Amino acid sequence: MESKHKLWLGLGAVCMAGTMVSCAGSSGMDGMDHSAMAMSVSEGGEGGEGGEGGEGGEGGEGASSVASVSNDAVYLGQLGFIRGHLMVGVDLYRAGDRAAAETHMKHPEAEIYAALVPALNARGAPGFASELEALAVAVERRQPLSDVEAAYANLLQGIAAAEDVVEDPDAGLLGEVIVDLVSTAAAEYDIAAGDDLSLENAHEYQDSFGFMRVAYDVLDRIEAMGADAGVTGRIREQMDSIMPTWSGVQPPQQLPTQPAVLYGAASRIELAASGL
């Protein structure tokens with residue numbers, strides 16, 4: 001079945017008013033491509049979720065290379081999306097679902113990394129193309145799990161080195177990364193869910209699960225920095241409220257949560273993160 005690509009525009013004002021019925025109506029808009037399926041319209045700032053263009057948001061999984069060159073939050077978000085894909089891919093390999101694992105290795109290699117190369121070069125960041133290729137080949141050739149784990153660990157070191165060129169990112173910047181990850185997770189889940197919440201796209205469900213897990217890692221980092229506990233508590237509360245949507249890396253045939261609920265939580269996270 002053809003994937004549904006939905007646009008999130010101005011949902012925050014509706015959701016923060018507590019009107020989830022109105023939010024549900026917003027999840028039915030079709031027509032955006034994969035690079036712009038979570039566009040924010042909040043004023044100010046250039047980070048956050050969404051496709052290129054549009055005031056207040058240039059992130060999202062398909063963000064342009066120009067955005068990742070000029071914007072630290074977009075750059076770190078793109079690296080986070082790669083982490084999310086790889087995380088679920090390796091989990092699938094561990095579980096014995098080798099074919100599904102392979103699809104999650106190909107996407108970051110062929111699409112996200114290629115778009116990120118100009119940003120890596122502009123920032124003088126070390127690339128990790130060879131490490132990415134080594135993991136993809138190990139999975140494609142169905143090599144022993146120990147070999148896949150070793151290639152994965154080596155790749156994670158490469159990603160971390162690329163992240164480290166953003167020196168001393170503050171809590172506000174990392175908060176933008178969380179908004180990018182969670183809002184894009186909501187949009188990916190939306191693609192995965194049929195109108196009756198039947199599973200239509202397992203790969204997109206898995207992507208959204210991976211992005212949420214990376215968002216939690218970023219939140220842990222913000223909390224370790226000693227950021228305002230009230231703000232981080234509100235962000236964690238919203239993330240915790242939707243995380244039960246994902247029961248694991250293998251999706252059920254009937255999904256449990258309306259996409260509008262995820263969009264609403266993402267909107268409230270964006271509001272909370274503005275206080276970092």
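Notes on the structure follow. (Residues numbered from 1 in each chain as written. Predicted model: local features only at pLDDT ≥ 70, side-chain atom pairs only at ≥ 80, totals over all residues. Heavy atoms only, no water.)

1. Description of the overall build of the protein
Here is the rule: For the purposes of this entry, the term helix denotes a DSSP run of H or I that reaches at least four residues, the term strand denotes a run of E that reaches at least two, and both are numbered from the N terminus. Three exposure classes are used, based on accessible area relative to the maximum for each residue type with a 1.4 Å probe and protein chains only: buried under 20%, partly exposed in between, and exposed over 50%. Note on definitions: a residue-residue contact is assigned when non-hydrogen atoms from the two residues lie within 4.5 Å. Note on areas: these come from Shrake-Rupley sampling with a 1.4 Å probe, and a residue is covered only by the protein chains present in the view.
The helix and strand tally for the protein stands at eleven helices and zero strands. The linear arrangement of helices and strands in the protein, starting from the amino end, is α-α-α-α-α-α-α-α-α-α-α. Per-residue burial over the protein gives 53% buried out of 276 residues. Pairs at least 24 residues apart make up 71% of the contacts formed inside the protein by residues separated by at least 6 positions. Here the protein has roughly 11,000 Å² of accessible surface; of this, 51% comes from carbon and sulfur atoms.

2. As for helix H9 (residues 202-224)
Put simply, the rule is: Working rule for helices: expected span equals 1.5 Å times residues minus one. Under the rule applied, a polar contact is a pair of N or O atoms within 3.5 Å (in protein, one hydrogen donor and one hydrogen acceptor; residues adjacent in sequence only if both atoms are side-chain atoms).
Between its first and last C-alpha, H9 extends 34 Å over 23 residues, near the 33 Å set by a 1.5 Å rise per residue. Capping of H9 at its N-terminal end is provided by Asn-201; its side-chain oxygen lies 3.1 Å from the backbone amide nitrogen of His-203. Once H9 finishes, Gly-226 follows within two positions and takes phi at roughly 80°, a positive value.

3. Examining the nonpolar core
Nonpolar side chains tend toward joint burial in soluble globular proteins. Quick note on the threshold: In plain words, nonpolar cores are sets of buried Ala, Val, Leu, Ile, Met, Phe, Trp, Tyr and Cys residues tied together by side-chain atoms within 4.5 Å.
Residues Tyr-75 and Met-239 are the most contacted members of the largest nonpolar core, which totals 75 residues. Mapped by element, the contributors of at least two residues to this core are helix H4 (72-94), helix H5 (98-123), helix H6 (129-140), helix H7 (145-163), helix H8 (171-192), H9, helix H10 (229-242) and helix H11 (259-273). Setting aside its immediate chain neighbours within four residues, Met-239 contacts Ile-178, Val-182, Met-212, Ala-215, Tyr-216, Leu-219 and Ile-269.

4. Description of the packing of H4 against H8
Packed helix pairs are characterised by how far apart their axes lie and by the angle those axes make with each other. Definition in use: Orientation is described by lines fitted to C-alpha atoms, with helices fitted over the stretch in contact, and by angles between N-to-C directions that extend from 0 to 180 degrees. Roughly parallel means an angle under 35 degrees; roughly antiparallel, over 145; roughly perpendicular, 65 to 115; everything else is oblique. Crossings are classed by handedness, with left-handed meaning an anticlockwise turn of the near helix from the far one by less than a right angle and right-handed meaning a clockwise turn. All amino acids are sorted into three groups, where Ala, Val, Leu, Ile, Met, Phe, Trp, Tyr, Cys and Pro are nonpolar, Asp, Glu, Lys and Arg are charged, and the leftover types, Gly among them, are polar.
For the pair H4 and H8, the least separation of the axes is 9 Å and the interaxial angle reads 50°. Compared by their axis directions, H4 and H8 come out oblique. Pair H4 / H8 crosses with right-handed handedness. Here Asp-72, Ala-73, Leu-76, Gly-77, Gly-80 and Phe-81 of H4 lie close against H8, whose contacting residues are Leu-173, Leu-174, Glu-176, Val-177, Asp-180, Leu-181 and Thr-184. Residues of the contact of H4 with H8, tallied by class, amount to seven nonpolar, three polar and three charged.

5. Comments concerning the packing of aromatic side chains
Convention followed: Paired rings are identified among Phe, Tyr and Trp, the last through its six-membered ring, by centres lying within 6.5 Å, and are further divided according to the angle between planes into stacked (under 30 degrees), edge-to-face (over 60) and tilted (the rest).
Applying the stated rule across the entire model yields three aromatic pairs. With a centroid separation of 4.8 Å and 70° between ring planes, the pair formed by Phe-81 and Phe-211 is classed as edge-to-face. Linking Phe-81 in helix H4 with Phe-211 in helix H9, this pair joins segments that are 130 residues apart in sequence. The class for Phe-81 is buried, based on a relative accessible area of 0%. Residue classification places Phe-211 among the buried residues on the basis of a relative accessible area of 0%. Ring centres of Tyr-189 and Trp-246 lie 5.9 Å apart, and the angle between their planes is 75°; this geometry places the pair in the edge-to-face category.

6. Some details on the environment of Met-243
Note that Met-243 resides in the loop between H10 and H11. Relative accessible area serves as the criterion here: at 17%, Met-243 is assigned to the buried category. Each C-alpha atom, one on Met-243 and one on Leu-262, is 9.3 Å from the other, the two residues being 19 residues apart in sequence.

7. Topic: the packing of H4 against H9
At a closest axis distance of 8 Å, the pairing of H4 and H9 adopts a crossing angle of 115°. Note on packing geometry: the crossing formed by H4 with H9 is right-handed. Across the interface between the two elements, Gly-80, Phe-81, Arg-83, Gly-84, His-85, Met-87, Val-88, Asp-91 and Leu-92 of H4 pack against His-203, Gln-206, Asp-207, Phe-209, Gly-210, Phe-211, Arg-213, Val-214 and Asp-217 of H9. A breakdown of the residues in the contact of H4 with H9 according to their chemical character gives seven nonpolar, six polar and five charged.

8. A closer look at unusual backbone geometry
Non-glycine residue Arg-142 carries a positive phi angle of around 55°. Within the secondary structure, Arg-142 is located in the loop between H6 and H7. Notably, Leu-197 is not glycine yet its phi reads approximately 70°, a positive angle. Mapping Leu-197 onto the fold places it in the loop between H8 and H9.

9. Description of the pattern of salt bridges
What counts is decided by this rule: A pair is scored as a salt bridge if a Lys or Arg side-chain nitrogen falls within 4 Å of a carboxyl oxygen belonging to Asp or Glu.
Applying the stated criterion to the full structure yields nine salt bridges. Between Arg-123 and Asp-72 there is a salt bridge, with the nearest N and O atoms lying 2.6 Å from each other. You can see Arg-123 sitting in helix H5 and its partner Asp-72 sitting in helix H4, a full 51 residues away along the chain. The partner of Glu-163 in a salt bridge is Arg-83, and the shortest N-O contact between them spans 2.9 Å. Of this pair, Glu-163 sits in helix H7 while Arg-83 sits in helix H4, and the two are 80 residues apart along the sequence.

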